[in-house]
Amino acid sequence: MSSQFANVIPTLERWRGQLLNLVFPARCVNCRRAGESFCAACRAQITYIVPPYCERCGSPLGAAQSICINCETYPLQITQIRALAYHEGALREAIRGLKYLKRVDVAVPLGELLARLLPDSPLSYDVITAVPLHPERQQTRGYNQAELLARELAKRTNIPWVNGLRRVRATADQIELDADARRLNVRAAFVADENLFRGKR
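Overview of the structure. For clarity, every value in this text was computed on a predicted model and none was experimentally measured. (Residues numbered from 1 in each chain as written. Predicted model: local features only at pLDDT ≥ 70, side-chain atom pairs only at ≥ 80, totals over all residues. Heavy atoms only, no water.)

Topic: the pattern of salt bridges
Then step 1. By the definition in use, this model includes 10 salt bridges.
Then step 2. The closest approach of N and O atoms between Arg96 and Glu93, which form a salt bridge, is 3.6 Å. A residue pair is termed a helical-turn pair when its members lie 3 or 4 positions apart in one helix, as Arg96 and Glu93 do in helix α4 (residues 89–100) at 3 residues.
Then step 3. For Arg96, a relative accessible area of 39% corresponds to the partly exposed category. (Salt bridge = Lys/Arg side-chain N within 4 Å of Asp/Glu carboxyl O. Helix = DSSP H or I, 4+ residues; strand = E, 2+ residues; numbered from the N terminus. Buried < 20%, exposed > 50% of the residue type's maximum accessible area, 1.4 Å probe, protein only.)

And the structure:
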């Protein structure tokens, strides 16, 4: 699939979702109430991750710590990682719907929630990108959920979206793997376009 065609897919999926909403009004991905793709009542159930957290991976910490035991044991090559909230309850259902149930409409409210994370985070950034799926998996799914979220985030924060990562080999599904196996699974699976990222955070 050419990169030009791949860039059209998120727009087509968004139009498809809007058309379906005209015929079949949106229902909340979690509670199934009509009206919104991820309703305000379900969003209110989300437990957000707030300081103090590990300065590297963002895991919650006790007040006296700055780095978690996991980051001390496995030093990260990535400088900083942040998560918005705990992967549970309504948020877990929203992510599941986006990834596996073709609920591309859920990318919009999730992108809004992610956009709230950035102003209060210590992250430094110049561009936004997304980890690509393997072409066969993307063809099966029809879209890359990470790209949909990244594009929503870029749109809401005015941070440039850059499509500069390429997957060079297939990997196993991370969901069934422990931490060590996940690291090994994705090692050397991606290549960055140095021209697009040089000098960028």
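Observations concerning the nonpolar core
Then step 1. The biggest cluster of nonpolar side chains holds 21 residues, and the ones touching the most others in it are Phe38 and Leu110.
Then step 2. Among the secondary structure elements, those contributing two or more residues to this core are α4, α5 (107–117) and α7 (145–157).
Then step 3. If we ignore the near neighbours within four places in the chain, the residues touching Phe38 are Cys28, Val29, Asn30, Arg43, Ile46, Ala90, Leu91, Ala94, Pro109, Leu110 and Leu113.
Then step 4. Grouped together as the second largest cluster of nonpolar side chains are 8 residues, Ala130, Ala150, Leu153 and Ala154 included. (Core = buried A, V, L, I, M, F, W, Y, C linked by side-chain atoms within 4.5 Å. Contact = heavy atoms within 4.5 Å.)

Quick notes on α4
Then step 1. Helix length check: α4, at 12 residues, gives a terminal C-alpha distance of 16 Å against a target of 16 Å (1.5 Å per residue), a fit within 8%.
Then step 2. Phi turns positive, to about 60°, at Lys102, one or two residues after α4. (Expected span 1.5 Å × (residues − 1).)

Notes on the environment of Ile81
Then step 1. Relative to the assigned elements, Ile81 resides in the loop between α3 (69–73) and α4.
Then step 2. Residues Ile81 and Arg56 lie 25 residues apart in sequence; the distance between their C-alpha atoms is 6.1 Å.

Regarding the side chain of Arg82
Then step 1. Within the secondary structure, Arg82 sits in the loop between α3 and α4.
Then step 2. Here Arg82 sits buried without a salt bridge, and the closest side chain of opposite charge, Glu55, lies 7.4 Å off (N-O distance).
Then step 3. A polar side-chain atom of Arg82 sits 3.5 Å from the main-chain carbonyl oxygen of Glu55.
Then step 4. With near-sequence residues (within four places) excluded, Arg82 lies in contact with Tyr53, Cys54, Glu55, Arg56, Cys57, Gly58, Leu117, Ser121, Pro122 and Leu123. (Lys, Arg positive; Asp, Glu negative; His and termini not counted. Polar contact = N/O pair within 3.5 Å; in protein donor to acceptor, adjacent residues only side chain to side chain.)

Structural measurements only, silent on function.
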